[in-house]
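Coordinate inspection notes
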2 protein chains.
Amino acid sequence: MNDLILALDFGGTKLSAAVINRDALGDERPQWPALRREFTPADADAAYELAAMLRLARELLAERSPAAVGVSFGGPVDFPRGLVRLSHHVRGWENVPLRDLMAREFGCPAFVDNDANVAALGEHRFGAGRGVDDLMYITVSTGVGGGWILGGRPWRGHAGMAGEIGHTVVDPAGPLCLCGKRGCVERLASGPYMAADWEEGRGRKGEEEKGSGGMTGRDVAVAAAAGDPVAKEILLRGARAMGVGIGNAANLVNPQRFILGGGVTKAGAIWWEEVRRAARATALPEVAFDVVPAMLGDDAPLWGAVALTEQL
Amino acid sequence: MNDLILALDFGGTKLSAAVINRDALGDERPQWPALRREFTPADADAAYELAAMLRLARELLAERSPAAVGVSFGGPVDFPRGLVRLSHHVRGWENVPLRDLMAREFGCPAFVDNDANVAALGEHRFGAGRGVDDLMYITVSTGVGGGWILGGRPWRGHAGMAGEIGHTVVDPAGPLCLCGKRGCVERLASGPYMAADWEEGRGRKGEEEKGSGGMTGRDVAVAAAAGDPVAKEILLRGARAMGVGIGNAANLVNPQRFILGGGVTKAGAIWWEEVRRAARATALPEVAFDVVPAMLGDDAPLWGAVALTEQL
């Protein structure tokens, strides 16, 4: 009997594909028996990405047929209809029926969801959320997004839009975000915004365009660790915003655990301590939860794509 | 066959009891065939309330036995264990096993949950949430609390604490709340706090203790409608806080509808417009929802208590 699962991750700048046999899946996360990754050129569009991904998949499958395909997509997805709504990074993804396309291509059931929901599922099934029925996974990276597991199953919201913790407002007097609001979590806590604020704080504004100085959230964290007071204040402000967002989410939904992944979470103990402090201070005393690092790293969407095929 | 449902509401300052036959329950809300209400004296404790409620129930039942008892309690409840955690208004409710007590008393299954969850269920079953699977009910009254229906069922959170929208922070630079935080929704949007702010704004502070001038949220709304600029600003600030809280909740959980009840929601169009405007401005454009008035008024917990007996 064929129990091969094909897991695909459309990651914005990177495509990943893996195959694994269902028999190899216990509660522990196994090693990938076969995995391919490929960076996409800056001018890649949806057609390019689709063709490249199908090539990776066929190389991995080597004439075998999968029993199911799970797909993580880095952008909004209409899960019930299996439809990619769009990509914020790559042209041409508007309303692509990715689920049906994959099902036809591989002649088996296919499942498509957005990367935050899929990563939440991955951490729940194989990572920091094993045995935890009610959790929120949050990625703190170039953006801030999230996915829920409630009652042991993904909670996607009425129209698949749940989990947008990055666009909750935690400081109406805060700086303006591209989304048009002031003081949303993403504006304060995401890597690129922290980098832009640091460049501005160091007086680089004017010399070169804001945020274009090549600085990243990682540079802010490194400088903060080295004692740069401006970098430290910006990093802590971001951590505080993330913590207030988590505390608010805890009061509203009362999950057992928040799992944080993404580049910014590598900023070290100073960042984690402030996130946890602000989250605890924001939540009611009787609202209990913990805040822990993700375990699956960049592979969370791929592992989640595997778990997605186990749903139903 | 006996299909009599006994519905009880322990409301802080008021006890309500009703009986209704299951046959009378369609999709439309019927009239109560039999209903009793009683105000409790200020010095009432848990023992007094229990005795008074049992008396009301026995008068209504008149020797008949109910098939099930649904109970709404105005305070935190451990739903799976059927345990009242405490009342913020009435002494002696700490860890009272109200579900088992009722089940023993009436010899039938009993169900106990907190008033916000129960009211959400009532509006879902009989009121403004009929046909809406994903909703949040919010009461804006002496406090601000909420309850979720997700996927057609109550979502209580990992430990029954979900729905605490009143204690989400929407302005970290805002005024201090009794809960120890600044700028939580309840501090800005609840009736007593708005009344206290208005008295302070009118320069009454010092003459008498803050908030003790006998003013209520209703007085603020009346004064705002009559053109008092301080009252209007306080009312709008409260509405804005409620709206930001709703917009944040929409981004996080993506329900289809928010149903608002409680005294403050009677403040008129100026209040509703600002709530809706702020909620819409806070939520992402692609996060759709509506914000509507509750339909069941003070009876929402009683109708929810009926619906609670239909769960499982």
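Scroll up a little and you will see the structure.
This report concerns the structure included in the present document. The structure presented is a predicted model; accordingly, all values stated were derived computationally and were not measured. (Residues numbered from 1 in each chain as written. Chains lettered and ligands numbered in written order. Predicted model: local features only at pLDDT ≥ 70, side-chain atom pairs only at ≥ 80, totals over all residues.)

What follows concerns the sheet that holds strand β11 (residues 257-261) of chain A. Residue and element names in this part refer to chain A. Strand order across the open sheet formed by five strands is β10-β9-β8-β11-β12, with mixed pairing between neighbours. Each edge of the open sheet is held by one strand with a lone partner, namely β10 (153-155) and β12 (290-293). The mean angle between the axes of side-by-side strands here comes to 30°, regardless of whether they run parallel or antiparallel. With six bridges connecting them, strand β8 (residues 135-140) and strand β9 (residues 144-150) associate as antiparallel partners. Looking at the pairing, Tyr-137 lines up with Gly-147 of β9. Its contacts with the sheet place helix α3 (residues 115-126) against β8, β9, β10 and β11, and it is angled at close to 50° to β9. (Pairing = 2+ DSSP bridges. Helix = DSSP H or I, 4+ residues; strand = E, 2+ residues; numbered from the N terminus. Axes fitted to C-alpha atoms, helices over the stretch in contact; angles between N-to-C directions. Contact = placed C-beta atoms within 7 Å.)

As a further point, take the sheet that holds strand β11 (residues 257-261) of chain B. Residue and element names in this part refer to chain B. Here we have five strands laid out as an open sheet, ordered β10-β9-β8-β11-β12, and mixed in their pairing. Every interior strand has two partners, whereas the edge strands, β10 (153-155) and β12 (290-293), have only one. Averaged over neighbouring strand pairs, the angle between their axes works out to 30° when direction is ignored. By the bridge criterion, three bridges tie strand β9 (residues 144-150) to β10 in an arrangement that is antiparallel. Each bridged residue has a counterpart across the sheet, and for Trp-148 the counterpart in β10 is Trp-155. Helix-sheet contacts for helix α3 (residues 115-126) involve β8 (135-140), β9, β10 and β11, and the interaxial angle to β9 is about 50°.

Before going further, it helps to spend a moment on the interface of chain B and chain A. Across the boundary between the two partners, chain B contributes 34 residues, which contact 34 residues of chain A. At six residues, helix α7 (residues 229-253) of chain B tops the list of elements feeding residues into the side of chain B that touches chain A.

Residues and elements named next belong to chain A. Between helix α5 (residues 191-201) and helix α6 (residues 217-225), whose axes approach to 7 Å, the crossing angle comes to 60°. One finds that α5 runs oblique with respect to α6. Contacts from Gly-191, Pro-192, Met-194, Ala-195 and Trp-198 in α5 reach Gly-217, Asp-219 and Val-220 in α6. In the contact of α5 with α6, the residues fall into five nonpolar, two polar and one charged. (Parallel < 35°, antiparallel > 145°, perpendicular 65-115°, else oblique. Nonpolar A, V, L, I, M, F, W, Y, C, P; charged D, E, K, R; others polar.)

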